[in-house]
Amino acid sequence: MYQQMIFVNLPVNDLEASKKFFTDLGYTINPQFSDDNAASVVISDTIVAMLLTKPFYATFTDKEIADATKTSEVLVCLSAESREKVDELVDRALSLGGTATGKTQDMGFMYGRAFDDLDGHTWEVVWMDPAAVQG
């Protein structure tokens, strides 16, 4: 069966700093789709974050580029395999210069936290009990 992919394109102020942030979080850069204007961050087999310098990002749109530190343009949500993995990823992001955002959501069957990356893009990380999902 075909696995549809998602490519999240995000404008960044400092491509090298953003690359370091995401590689320090444990993700890899795909050099085949990276250059001085962009970095392809492999989140999973089907999720890629494309970090684009703002001038390069501007070549794809006629719209004003949002300042994600002041305006919410997107909420990216990633699943985690456990509550501990949620905390591990968010705590690592915070130690690397990310900013805590929102409140911890703990509904028993679902647990989530969020951080803003170096450019203010919000990343939510959520675990959901598989038994709750099934029924």
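Look above for the structure.
These remarks concern the structure in this document.

About the criteria used
Residues numbered from 1 in each chain as written. Predicted model: local features only at pLDDT ≥ 70, side-chain atom pairs only at ≥ 80, totals over all residues. Heavy atoms only, no water. Helix = DSSP H or I, 4+ residues; strand = E, 2+ residues; numbered from the N terminus. Buried < 20%, exposed > 50% of the residue type's maximum accessible area, 1.4 Å probe, protein only. Lys, Arg positive; Asp, Glu negative; His and termini not counted. Salt bridge = Lys/Arg side-chain N within 4 Å of Asp/Glu carboxyl O. Contact = heavy atoms within 4.5 Å. Arc of directions from axis to C-beta. Polar contact = N/O pair within 3.5 Å; in protein donor to acceptor, adjacent residues only side chain to side chain. Phe/Tyr/Trp six-rings, centres within 6.5 Å; stacked < 30°, edge-to-face > 60°. Lys NZ or Arg CZ within 6 Å of the ring centre and 35° of its normal. Pairing = 2+ DSSP bridges. Axes fitted to C-alpha atoms, helices over the stretch in contact; angles between N-to-C directions.

Moving on: the side chain of D117. Locating D117 in the fold gives a position in the loop between β7 (110–116) and β8 (122–128). No salt bridge is formed by the buried D117; the nearest opposite charge belongs to K54, separated by 10.0 Å. When residues no more than four places from it in sequence are discounted, the contact partners of D117 are F21, F22 and W123.

Moving on to helix α1 (residues 15–24). Within the span of α1, buried status applies to L15, S18, K19, F21 and F22. Projection of α1 onto a plane perpendicular to its axis shows the buried side chains occupying an angular sector of 160°, all on one side. Opposite the buried face of α1, at more than 90 degrees from it, the exposed residues are E16 and K20. Where α1 begins, one side-chain oxygen reaches toward the backbone nitrogen of E16, 3.2 Å away; that side chain belongs to D14. Just downstream of α1, G26 is the residue with a positive phi angle, here 110°.

Here the structure, examined in full by the defined rule, presents 4 aromatic pairs. Pairwise contacts between aromatic rings join F21, F22, F115 and W123 into one cluster. Over the face of the ring belonging to Y111 we find R83, whose NZ or CZ atom lies 4.3 Å from the ring centre.

Right, let's get into the sheet that holds strand β3 (residues 38–42). Reading across the sheet, the 4 strands line up as β1-β4-β3-β2 and stay open at both edges, with mixed pairing between neighbours. Each end of this open sheet is capped by a strand with a single partner; those strands are β1 (6–12) and β2 (28–29). Strand direction decides the pairing type here: β2 and β3, joined by 2 bridges, are antiparallel. Paired with I29 across the bridge in β3 is V41. Together, β1, β2, β3 and β4 (47–53) form the strand contacts of α1, whose direction differs from that of β4 by roughly 160°.

Nothing here speaks to function; it is geometry throughout.
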